[in-house]
Amino acid sequence: MMRAPLPTPSQPSPPVVDIQPPLRYKRYAGWILLILIIVMCSIQTKVTPYQLITGLPQMGQLLKEMFPPDWSYIPTIWAPMMETVQIAILGTTIGGIIAVPVALLCSYNIMPNRFIALPVRMILNLVRTIPDLLFAAIFVAVFGIGPFAGMLALVFFSFGIIAKLTFEAIEAIDPGPLEAMTAVGASRLQVIRFGVLPQALPYFMSYLLYTFEVNVRAASVLGLVGAGGIGLLLDRSLGLFRYDRACVIILLTLVIVLIIDYSSTWIRRKLL
């Protein structure tokens, strides 16, 4: 007759460590710190909800003066609006072309020599530090009032954005094809041509299209400092208190930006 096996004593369970309270306290501390920073910034800049409430009637009066828009002003603003789009196209294209070799020099997986990559990155950071309106003001002072100054401002603006995003995309590509090509004796140019560009090109095109969208909006404002485009007429309309004409300019800019936005979204979806 077989005996039933004796039950083995159960092992004591390890103590449960409650980690929720410390995480909860850190979360509360983070929210309190954020609120304190917002309150301090509001006090220093004198930004209060009272100013917003008292300004609402003036905002309503401004909107009342903008409607109905002066649709007869469209033939006058059509040519400057097309000039604005052309400025954005030229600035984005030239800036994107210049950004490609600079992005390659900034990427550590392509340019392991830090004595070359770091100075190029510093120059790129300096270009990105200067806003597009300041670029436009500088080029207007050098080359005079007109679209050429606005185009140069957008060239530098586009170059800073596209080069920054592109070299980050290059550093994130799959290193396997690069190592395989290097192992079989491929030159540096061949590695870039057949290993880097096919992987980074879709992202580069996406960044190029995104920058073009931003530049259309930026080119509309550059005219305020004399850099050509629709901004000159917008500044003139606001200066003459013709808010109905300013409304037409804003609506036409909105339509063009929406068309570019949907078109670039469709192109990015095809590329990625």
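Predicted model only: the values in this text are computed from it and were never measured.

## Section: the packing of aromatic side chains
Consideration 1: Taken as a whole and judged by the stated rule, the model has six aromatic pairs.
Consideration 2: Judged by centre distance (6.2 Å) and plane angle (10°), the rings of Phe135 and Phe139 are stacked. You can see Phe135 and its partner Phe139 sitting in helix H5 (residues 132–143), four residues apart, about one turn around the helix. Here the two residues Phe135 and Phe139 agree in accessibility, since each one is buried.
Consideration 3: Taking the centre distance of 5.2 Å and the plane angle of 85° together, the rings of Phe143 and Phe148 count as edge-to-face.

## Focus: the side chain of Asp244
Consideration 1: Within the element layout of this structure, Asp244 appears in helix H10 (residues 243–271).
Consideration 2: For Asp244, a relative accessible area of 16% puts it in the buried group.
Consideration 3: Not counting residues up to four positions away in its chain, the partners in contact with Asp244 are Glu65, Met66, Pro68, Pro69 and Asp70.

## So, the packing of helix H6 (residues 147–171) against helix H8 (residues 188–222)
Consideration 1: Interaxial distance between H6 and H8 falls to 9 Å at its minimum, and their mutual angle equals 150°. In this view, H6 runs roughly antiparallel relative to H8, as classed from their interaxial angle. For the pair H6 and H8, the sense of crossing is right-handed. Contacts between H6 and H8 pair Gly150, Ala153, Leu154, Phe157, Ser158, Ile161, Ile162, Leu165, Thr166, Ala169 and Ile170 from the former with Val196, Ala200, Tyr203, Phe204, Tyr207, Leu208, Thr211, Val214, Asn215, Ala218, Ala219 and Leu222 from the latter.
Consideration 2: In the contact of H6 with H8, the residues fall into 18 nonpolar, five polar and no charged.

## Describing the nonpolar core
Consideration 1: Formed by 55 residues in total, the largest nonpolar core has its most connected members in Ile77, Leu154, Phe159, Ile170, Val196 and Ile249.
Consideration 2: Elements with a contribution of two residues or more to this core: helix H3 (74–106), helix H4 (114–129), H5, H6, helix H7 (175–183), H8, helix H9 (231–239) and H10.
Consideration 3: Beyond its immediate chain neighbours, meaning those up to four positions away, Ile249 contacts Tyr73, Ile77, Met81, Ile230, Leu233, Leu234 and Ser237.

About the thresholds
Note that residues are indexed from 1 along each chain, following the sequence as it is written. Under the rules for a predicted model, residues below a pLDDT of 70 receive no local features and side-chain atom pairs below 80 are neither given nor counted, while totals for whole chains, interfaces and linings still include all residues. Hydrogen atoms and water are omitted, and side-chain values are computed over all heavy atoms in the structure. What counts as a ring pair is set by centres within 6.5 Å for rings of Phe, Tyr and Trp (its six-membered ring), and what kind of pair is set by the plane angle: stacked under 30 degrees, edge-to-face over 60, tilted for all other angles. Only runs of H or I of at least four residues qualify as helices and only runs of E of at least two qualify as strands under DSSP, and these elements are numbered from the N terminus. Burial classes: relative accessible area under 20% of the type maximum marks a residue as buried, over 50% as exposed, and values in between as partly exposed (1.4 Å probe, protein chains only). Working rule for contacts: check all heavy atoms of both residues, and any pair within 4.5 Å makes them a contact. Axis definition: a line fitted to C-alpha atoms, limited for helices to the stretch in contact. Angles are taken between N-to-C directions and run from 0 to 180 degrees. Orientation categories follow fixed angle ranges, with anything under 35 degrees roughly parallel, anything over 145 roughly antiparallel, 65 to 115 roughly perpendicular, and all other angles oblique. Crossing handedness is defined as follows: a turn of the near helix away from the far one that is anticlockwise and smaller than a right angle gives a left-handed crossing, while the clockwise case is right-handed. Gly counts as polar in this scheme, as do all residues outside two lists: the nonpolar Ala, Val, Leu, Ile, Met, Phe, Trp, Tyr, Cys and Pro, and the charged Asp, Glu, Lys and Arg. Residue types Ala, Val, Leu, Ile, Met, Phe, Trp, Tyr and Cys, when buried and joined through side-chain atoms within 4.5 Å, form a set referred to as a nonpolar core.

Geometric descriptors of this kind do not, in isolation, establish any biological role.
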